Amino acid sequence: MCVHTCVHVCMRVRGISTAGPPSIRMVSPPYLYSELRSSVVLHCTYNATSPVTIAWNHNRSVVASSHFTVRTTGLHTELTLQTLSWEDSGVYACSVNSHDGRSTALTRLQVIGKLGAVKLWNLPNLL
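Here is what the cut-offs are and how they apply
Residues numbered from 1 in each chain as written. Predicted model: local features only at pLDDT ≥ 70, side-chain atom pairs only at ≥ 80, totals over all residues. Heavy atoms only, no water. Helix = DSSP H or I, 4+ residues; strand = E, 2+ residues; numbered from the N terminus. Buried < 20%, exposed > 50% of the residue type's maximum accessible area, 1.4 Å probe, protein only. Contact = heavy atoms within 4.5 Å. Areas by Shrake-Rupley, 256 points an atom, 1.4 Å probe, with all protein chains shown as cover. Pairing = 2+ DSSP bridges. Axes fitted to C-alpha atoms, helices over the stretch in contact; angles between N-to-C directions.

For the rest of this paragraph, the subject is the overall build of the chain. Each helix and strand in the chain was counted, giving zero helices and ten strands. Going from N to C terminus, the chain has its helices and strands arranged as β-β-β-β-β-β-β-β-β-β. Per-residue burial over the chain gives 42% buried out of 127 residues. At a minimum sequence separation of 6, the contacts of the chain that also span at least 24 residues come to 68%. Of the accessible surface of the chain, which amounts to about 7100 Å², a share of 55% is contributed by carbon and sulfur atoms.

With antiparallel pairing, four strands are arranged side by side in an open sheet as E2-E4-E8-E7. At either margin of the open sheet sits one strand with a lone partner, and together these are strand E2 (23-26) and strand E7 (68-73). Across the sheet, the mean angle from the axis of one strand to that of its neighbour is 20°, orientation sign disregarded. Where E7 lies against strand E8 (residues 76-81), six bridges are found, and the strand directions are antiparallel. Bridged to Arg71 within E8 is Glu78.

Moving on: the pairing of strand E10 (residues 101-112). The pairing of strand E3 (residues 31-35) with E10 spans five bridges and is classified as parallel. Counterpart to Glu35 in the pairing with E10 is Ile112. The pairing of strand E9 (residues 90-98) with E10 spans nine bridges and is classified as antiparallel. Within the sheet, the bridge partner assigned to Val91 lies in E10 and is Arg108. Counting the residues between successive antiparallel strands, the hairpin from E9 to E10 contains two residues.

In structure tokens, the structure reads:
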């Protein structure tokens with residue numbers, strides 16, 4: 001469920017020739033901890049044989065809110081989250097789609113409060 005206004009972030013870019021479906025790698029660590037009200041940048045790189053569509057998702061929903069910014073340059077895409085809130089905790093997915101196939105890379109973000117306090121929440125099986 002979106003707590004902010006939902007915005008679908010999707011970009012078409014041209015990939016460099018490789019064989020088969022796009023390959024993708026989340027450059028950000030698989031588990032990431034960041035402080036409440038701070039900013040974080042998630043990075044993803046990919047290779048593809050044909051033009052691709054890139055999409056970022058948060059807990060299986062399109063990224064939401066004006067504090068998310070997506071930037072794609074060459075074979076690299078990044079999602080910047082400004083002024084983190086508790087609701088920003090969860091699984092982030094970077095997906096690269098082309099007519100040759102689809103690849104997705106994941107990372108988990110846990111927003112922590114002062115002195116390392118963590119808001120307790122149940123993360124449903126999102127993988």
